[in-house]
Amino acid sequence: MAHLSINCRSKVLGMPVMLDVLMPQRKGNYKVLYLLHGAGGDHTTWLYKSRIADYMEKTDIAVIMPSGNNRFYVNNEHGKKYFTYITEELPKMCEEIFNISCDAKDRFIAGMSMGGYGAFYAALKCPGMYAGAFSYSGALDIGAMYERLSKKDMFAVFGTRQQLDEGDYDLKKLVNKQGANDVDKFTEFNIACGEEDALLPYNREFYDYMKCAGYNVTYEESPGGHDSEYWDKQVEKTVERIKLW
Amino acid sequence: MVSTINLFSVYVKQNMDVTVVLPDDLGDEKLKCVWLYHGGSGDHTEWLYHTNLVDYVNERHFAAVIPNVHESCFVDMHIGPKYGTYVGRELPNLIHTMFRCISDKREDNYIAGFSNGGYGCLNVALKYADRYSAVGAFSAGDKADAIFDNDGSPKSLHRINLFGDGDLHQNKYGLTYLADRLIEKIKTQGAEAPIVYHACGGKDPWLWMNHILRDYFLEHREYFVYTYDEIEELGHEWKFWDIELIRFLDKVGLFSKEVTS
């Protein structure tokens, strides 16, 4: 297995970025898992806090770990265009450079906490782009997060509460009101949350919401908290599932 | 884009470090690839620290791959791991499989190196002439011509670990031996020789070894397209290798965009 620590320019963000990639040393055309970190983390978090390198080692799955800079993976009201970076520039660049599959059926996105929100935001805003989206302890009720977290930080990302409500940041807004069509159902959404996690009610609620809208969505509650031990177990399961996809 | 890569080598039997530099704008075609070999006591970082390589990559539009072969002199060691097979064959296979934007064609792959890496790039290019179409050897002498005192000193022991204690003119560690073998293949099997660009500073302590090597290639001009460059005022130094890198890039047609546009 090869580990690439990459420094490159993002035109979308207008700055150099760091990227960590885990690449199998096999025949190429790998499935790809975009793995998003949580608040306070960066491109190193998944490597330091989980055994992801071990899990993907003998598979045909490449893992791409960008930095989200605490910006919730959305195009910020008072900041840079992270959504465009994550869903347009980054995959395009990786598919041009690396011997990875360019097929949506081989493309997956996952994350914990802020990264879980980011993964679902990307998958819901880009129907048909990811075969699977995985949220671990996701911050799936962004309105609730807006109230819980620092006002200054939330303002930079989402603007005022009114701007958050009027925009499409709320995942419920991105869920197809006419009911999930074939393209919406292309993506399998997976929600996982620890039983001791404070975000549990939001996860349950959002699962119900997606299920009622007819999406392809699974839900799992298991013992665990909002911590790397839980996320490590989840990403291991995700890799096992992607292997068989 | 600069990638620091850590990957596993089956031939060396451990994780190895490699730097890959790509231009910020990829363009539509696969990139030509320049393999850059470090000197003794060097690694996969020194070309980055001591030259403007990243700027050259962006100005001239190519991929640079810089392996780290520790103190192996780029050979399958006499006592030690097979660094030569790693760097000449295994690593290109891994890099070409990993990067779809880098060309794996012989005509698009070149090796350059200085000092031990100058010897190393000639060694690899002569052994794997089917994979590389040009070699840029800077401050490069044939190890076969180095004075070897088999006196039990650390230096002599290291030499034995690398090459054994024999006369390298007679075995695969000698550049003229490898060149002679390639010439045989050219005559009998239609093999192709790499273009050889060889350079040395006038103040280099090993200038005499470079001259011996130069004379061999001049004698065998029939088989090798060979150029020799000397810069009088410079020695065994980065200022020299930076200049020669640029001359080599020009030689293989990787011109700076200001020239071509």
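Only a predicted model underlies this, so the values are computations on that prediction, with no experimental measurement involved.

1. Focus: the overall build of chain A
Here's step 1: Counting secondary structure elements, chain A contains 11 helices and eight strands.
Here's step 2: On C-alpha atoms alone, chain A measures out to a radius of gyration of 17 Å, which is about the 18 Å that the 2.2 N^0.38 rule sets for 245 residues.
Here's step 3: A total of 245 residues make up chain A; the buried ones form 58% of that total.
Here's step 4: Taking as baseline every contact in chain A between residues at least 6 positions apart, the subset at least 24 positions apart corresponds to 72%.
Here's step 5: Total accessible area on chain A is roughly 10000 Å²; 50% of this is exposed by carbon and sulfur atoms.
Here's step 6: Looking at chain A, you have 29 positive and 34 negative side-chain charges, and the mean spots of the two groups are 3 Å apart.

2. So, the interface of chain A and chain B
You'll often see interface size given as the accessible area lost when the parts meet.
Here's step 1: Across the boundary between the two partners, chain A contributes 24 residues, which contact 18 residues of chain B.
Here's step 2: Of the roughly 1600 Å² buried between chain A and chain B on both sides combined, carbon and sulfur atoms contribute 55%.
Here's step 3: Ranking the residues of chain A by area buried against chain B places A:Gln25, A:Ile97 and A:Asn99 at the top, with a combined share of 32%.
Here's step 4: For the pair chain A and chain B, the number of links is one salt bridge.

3. Quick notes on unusual backbone geometry
Here's step 1: Although it is not a glycine, A:Tyr73 adopts a positive phi angle of roughly 60°.
Here's step 2: Summarising the element assignment, A:Tyr73 is placed in the loop between β4 (61-66) and α3 (82-97).
Here's step 3: Residue class for A:Tyr73 comes out buried when judged on its relative accessible area of 1%.
Here's step 4: A positive phi angle, close to 60°, is found at B:Ser115, a residue other than glycine.
Here's step 5: Its location among the elements puts B:Ser115 in the loop between β5 (109-114) and α4 (116-127).

4. Considering the state of the cysteines
Here's step 1: Scanning all chains against the criterion turns up zero disulfides over all chains.
Here's step 2: With no disulfide partner, A:Cys193 has as its closest neighbouring cysteine sulfur the one in A:Cys212, 19 Å distant.
Here's step 3: You can call A:Cys193 buried: its relative accessible area is 0%.
Here's step 4: Here B:Cys73 stays unpaired: no disulfide links it, and the sulfur of B:Cys121, its closest cysteine neighbor, is 11 Å away.
Here's step 5: Taking relative accessible area as the criterion, B:Cys73 reaches 4% and is therefore assigned buried.

5. As for helix α8 (residues 238-251) of chain B
Here's step 1: Between its first and last C-alpha atoms α8(B) spans 19 Å; for 14 residues at 1.5 Å apiece the expected length is 20 Å, and the two agree.
Here's step 2: Turning to α8(B), its buried residues are B:Trp238, B:Phe240, B:Trp241, B:Asp242, B:Glu244, B:Leu245, B:Phe248 and B:Leu249.

6. Side note on the packing of aromatic side chains
Here's step 1: Per the stated rule, a full pass over the model turns up 28 aromatic pairs over all chains.
Here's step 2: Residues B:Tyr37 and B:Phe74 carry aromatic rings whose centres are separated by 4.3 Å and whose planes lie at 10° to one another, so their mutual orientation is stacked. One end of the pair, B:Tyr37, is in strand β3 (residues 33-37); the other, B:Phe74, is in the loop between β4 (63-67) and α3 (83-98), and 37 residues separate them in sequence. Just as B:Tyr37 is buried, B:Phe74 falls in that class too.
Here's step 3: Note on B:Trp238 and B:Trp241: the rings are 5.3 Å apart at their centroids and 85° apart in plane angle, and the pair reads as edge-to-face. Placement of both B:Trp238 and B:Trp241 in helix α8 is noted, with a separation of three residues, approximately one turn of the helix.
Here's step 4: Aromatic rings pair up to connect A:Phe72, A:Phe83, A:Tyr117, A:Tyr121, A:Phe158 and A:Tyr169 into one cluster.

7. Considerations on the pattern of salt bridges
All names here are of chain A.
Here's step 1: Evaluation of the coordinates by the stated rule reveals 23 salt bridges over all chains.
Here's step 2: Measuring nitrogen to oxygen at the nearest pair gives 3.5 Å for the salt bridge that ties Glu 240 to Lys 243. One end of the pair is Glu 240 and the other is Lys 243, both in helix α11 (residues 228-243) and three residues apart, which spans about a single turn.
Here's step 3: A network of salt bridges, in which partner residues are shared, links Glu 147, Lys 151, Arg 161 and Asp 165.

8. Observations regarding the environment of B:Glu233
Here's step 1: Looking at the secondary structure, you find B:Glu233 in the loop between β8 (226-231) and α8.
Here's step 2: For the pair formed by B:Glu233 and B:Gly201, sequence separation is 32 residues and the distance between their alpha carbons is 7.0 Å.

9. Considering a nonpolar patch on the surface
Residue and element names in this part refer to chain B.
Here's step 1: Together, Ile 147, Trp 206, Trp 208 and Ile 212 give the surface a local cluster of nonpolar side chains, amounting to about 440 Å² of exposed area.
Here's step 2: Turning to its location among the elements, Trp 206 is positioned in the loop between β7 (195-201) and α7 (207-219).
Here's step 3: For Trp 206, a relative accessible area of 42% puts it in the partly exposed group.

10. Comments concerning the nonpolar core
Here's step 1: In this structure, A:Phe158 and B:Phe99 are the most contacted members of the largest nonpolar core, which totals 124 residues.
Here's step 2: Those residues within four positions of B:Phe99 in sequence are excluded, and the remaining contacts are A:Leu4, A:Ile97, A:Phe98, B:Ile5, B:Val20 and B:Leu22.
Here's step 3: The next biggest cluster of nonpolar side chains, apart from the first, holds 28 residues, and it includes B:Val2, B:Phe114, B:Ala134 and B:Trp241.

Rules used throughout
- Residues take numbers from 1 onward in each chain, read along the sequence in its written order.
- Here chains are named by letter from A upward and ligands by number from 1 upward, in the order in which they appear as written.
- A pLDDT threshold of at least 70 governs which residues receive local features in this predicted model, and a stricter bar of 80 or more applies before side-chain atom pairs are shown or counted, although totals over entire chains, interfaces and linings include all residues.
- Hydrogens are left out, water is left out, and the side-chain values use all remaining heavy atoms of the structure.
- Helix numbering and strand numbering both begin at the N terminus, where a helix is a DSSP run of H or I of at least 4 residues and a strand a DSSP run of E of at least 2.
- This radius of gyration counts C-alpha atoms alone. The globule rule is 2.2 Å times how many residues there are, raised to the power 0.38.
- Partly exposed residues are those whose accessible area sits between 20% and 50% of the maximum for their type, while under 20% is buried and over 50% is exposed, using a 1.4 Å probe and protein chains only.
- Contacts between residues were defined by any pair of non-hydrogen atoms, one from each residue, lying within 4.5 Å.
- All accessible areas in this document rest on Shrake-Rupley with a 1.4 Å probe, and a residue is counted as covered only by the protein chains that are shown.
- By the counting scheme adopted, Arg and Lys are positive, Glu and Asp are negative, and His together with the chain ends is not counted.
- Every charge is mapped onto a representative atom, which is NZ of Lys, CZ of Arg, CG of Asp or CD of Glu.
- Computed with a 1.4 Å rolling probe, the buried area is the accessible surface lost when two parts are put together, summed over both parts.
- Each reported salt bridge corresponds to a side-chain nitrogen of Lys or Arg within 4 Å of a carboxyl oxygen of Asp or Glu.
- Throughout, disulfides are identified as pairs of cysteine sulfur atoms within 2.5 Å of each other.
- Expected helix span is taken as 1.5 Å per residue step, with the number of steps being one fewer than the number of residues.
- Only centres within 6.5 Å qualify two rings of Phe, Tyr or Trp (six-membered ring in Trp) as a pair; their planes then separate them into stacked at under 30 degrees, edge-to-face at over 60, and tilted for everything else.
- Nonpolar side chains (Val, Leu, Ile, Met, Phe, Trp, Tyr) within 5 Å and like charges within 9 Å form the patches, drawn only from residues with over 30% relative accessible area and no salt bridge.
- Residues belong to a common nonpolar core when they are buried Ala, Val, Leu, Ile, Met, Phe, Trp, Tyr or Cys residues joined through side-chain atoms within 4.5 Å.

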